[in-house]
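# A closer look at the structure
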Amino acid sequence: QATEAGVTRIVPLLARRSSAPDASLARLDRWRRIAREALQQSGSPTATRIEGPVDVAGLAAALGAARSGRLCLFLDAEAPLAQSSLHEYLTDAPDEIVLCVGPEGGFEAEEARTLAEAGFFPLRLPCAVLRTETAALYAVAAVEIVLS
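Residues numbered from 1 in each chain as written. Predicted model: local features only at pLDDT ≥ 70, side-chain atom pairs only at ≥ 80, totals over all residues. Heavy atoms only, no water.

### Here we look at the sheet that holds strand β6 (residues 96-100)
- Taken in spatial order, the three strands line up as β6-β5-β7 in an open sheet, and their pairing is parallel. Looking along the sheet, the strands with just one partner apiece sit at the ends: β6 and β7 (120-123). Here the strands of the sheet are splayed against their neighbours by 30 degrees on average, with no regard to which way each runs.
- Across the face of the sheet, helix α4 (residues 109-117) comes into contact with β5 (70-75), β6 and β7 while running at roughly 170 degrees to β5. (Pairing = 2+ DSSP bridges. Helix = DSSP H or I, 4+ residues; strand = E, 2+ residues; numbered from the N terminus. Axes fitted to C-alpha atoms, helices over the stretch in contact; angles between N-to-C directions. Contact = heavy atoms within 4.5 Å.)

Here you go:
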C-alpha cells in the first residue's frame, strides 16, 4: 500500500513493544517482491526501497545526516493535545517527510524521548487509536491530501 501511495523508502522499526518480527532475508525478500509487484500494478512512478529493520536508537543513523527541508514526525496517540497539527507541520512544504509509526500500544516514553532528541516531532492523528498498519496508511494519505 505504501508503494501504491508513492512512498520512496520503508525502514521497519523494532520498538520495545513490537512483536518480534522475523527480520530474515526471506522476509525482506518477500516484502521487496510485494513492493515491486505493487509498483507494477499501480503504475506509480516512484520505486519503494525496503531496508533492513533498525531499532529506535538506530533510526537516525539509518536516515543519515539531518538536513533542511526534512520533516520527521512520529505518530503518538499519547502526544499532548497542544502539539502542532499535521497542517501546521506541513505549512513550510518540506522536501522530504519521514513518518515513524510505532507498534501496537505505542512507543514507550524513553523511545519517544529518543525520537524527539533525533529531531522527530510528535503527531497525534485526529481519530481513534489505529492499528499500526492502518495508522501508516492513514498518515501517508493525510500528508498527500494536505500537500495537494
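Still to come is the rest of the account.
### Description of helix α2 (residues 56-63)
- Turning to α2, its buried residues number three or more, namely V56, L59 and L63. Each buried residue of α2 sits inside an arc of 20 degrees when the element is viewed along its axis, so together they form one side. Exposed and facing more than 90 degrees away from the buried side of α2 are A57 and A61.
- At the exit of α2 stands G64, carrying a positive phi of roughly 90 degrees. (Buried < 20%, exposed > 50% of the residue type's maximum accessible area, 1.4 Å probe, protein only. Arc of directions from axis to C-beta.)

### A look at the environment of S84
- Mapping S84 onto the fold places it in the loop between β5 and α3 (86-89).
- Taking the C-alpha atoms as reference points, S84 and P122, separated by 38 residues in sequence, lie 8.3 Å from one another.
- With near-sequence residues (within four places) excluded, S84 lies in contact with Y89 and L123.

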